[in-house]
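An overview of the molecular structure
Here's the letter readout for the chains.
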Amino acid sequence: MAEYGAQPRMGFFTDTSVCIGCKACEVACKEWNGVPEAGGEDLLGLSYDNTGDLGSNTWRHVAFIEQPGVDLGMPTVGAPEQQREEPGVRWLMSSDVCKHCTHAACLDVCPTGALFRTEFDTVVVQQDICNGCGYCVPACPYGVIEKRESDGRAFKCTLCYDRLGAGMEPACAKACPTDSIQFGELDELRERAAARVSALHDDGVPEARLYGHDPDDGVGGDGAFFLLLDEPEVYGFPPDPVVTTRDLPQMWKRAATTAAGVAAALVVSFLGRRR
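Conventions adopted
Residues numbered from 1 in each chain as written. Predicted model: local features only at pLDDT ≥ 70, side-chain atom pairs only at ≥ 80, totals over all residues. Heavy atoms only, no water. Pairing = 2+ DSSP bridges. Helix = DSSP H or I, 4+ residues; strand = E, 2+ residues; numbered from the N terminus. Axes fitted to C-alpha atoms, helices over the stretch in contact; angles between N-to-C directions. Contact = heavy atoms within 4.5 Å. Buried < 20%, exposed > 50% of the residue type's maximum accessible area, 1.4 Å probe, protein only.

**Quick notes on the sheet that holds strand S9 (residues 209–211)**
As summarised here, the arrangement of the four strands in space is S8-S1-S10-S9, forming an open sheet in which the pairing is mixed. Looking at which strands have only one partner, the edges of the open sheet turn out to be strand S8 (181–185) and S9. Ignoring strand direction, the axes of neighbouring strands in this sheet form an average angle of 25°. Note that strand S1 (residues 10–15) and S8 share five bridges and pair antiparallel. What sits directly across from Met 10, in S8, is Glu 185. With respect to the sheet, helix H6 (residues 186–202) is in contact with S1, S8, S9 and strand S10 (224–228), its orientation differing from that of S8 by roughly 135°.

Put into structure tokens, the structure is as follows:
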């Protein structure tokens with residue numbers, strides 16, 4: 001096993017402009033990782049979505065966002081499947097996944113060390129160490145990690161850690177037929193993504209933007225970032241994610257100061273009574 005930091009950081013760049021909603025990534029993820037059924041095959045009433053959101057049994061989630069009343073005079077972006085036949089309706093599709101944050105709050109709060117950062121700079125849960133405390137669940141600013149009801153432990157995307165160790169790309173990226181999900185060295189992916197956004201702007205798609213690529217954002221940048229065609233909120237992403245443990249050092253310092261003050265007051269009170 002390579003020593004941490006001995007190789008470039010690896011990650012995902014998801015170009016939603018060429019996602020066709022085929023769900024091959026969801027199927028490949030489940031098959032390779034043995035992820036159980038997410039709760040049925042019934043549609044949820046959210047377009048063609050039958051998984052709803054990321055969770056312990058859904059490590060890849062393809063969102064279908066229908067926007068009625070949108071001016072479709074803009075050039076078609078990517079594959080024609082991005083738009084429906086009905087006039088005035090635009091389809092946005094995006095395959096969501098754990099962001100593998102630079103500053104990962106789930107790592108900060110895990111009391112057992114079950115969550116660890118790999119030599120690829122990804123964040124993984126060691127199932128044999130997880131005690132099911134659930135501290136990581138509210139700590140995630142993206143709502144990614146979740147406890148599995150069947151055994152109480154926390155689960156999420158591992159970025160196919162076992163495949164990376166064997167020199168293979170993650171199952172979802174391997175299965176994606178349009179290269180919407182791209183895997184590689186994070187710095188190279190950021191350069192590729194910037195060029196893609198520039199090309200879309202030149203082609204008359206000014207709303208194209210990157211999300212999670214900035215190392216100076218509230219989580220230090222994501223190991224899995226996205227090219228979007230609308231505001232982050234439209235895709236269910238927080239507009240300004242912040243690592244939820246950011247204020248912990250200051251909170252502990254204040255708590256220690258308060259505790260010291262209380263202890264000093266008790267000592268003074270005790271000594272006063274003795275006199």
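**With respect to the pairing of S10**
Among the five residues in S10, five count as buried, and that is most of the element. Every second residue of S10 is oriented toward a common face, with Ala 224, Phe 226 and Leu 228 on one face and Phe 225 and Leu 227 on the other, all of them buried. Of the strand pairs in this sheet, S1 and S10 are connected by four bridges, and their pairing is parallel. In the sheet register, Phe 12 faces S10, and the bridge partner there is Ala 224. In the sheet, S9 pairs with S10 via three bridges, with the strands oriented antiparallel. Counted as the bridge partner of Arg 209 is Leu 228 from S10.

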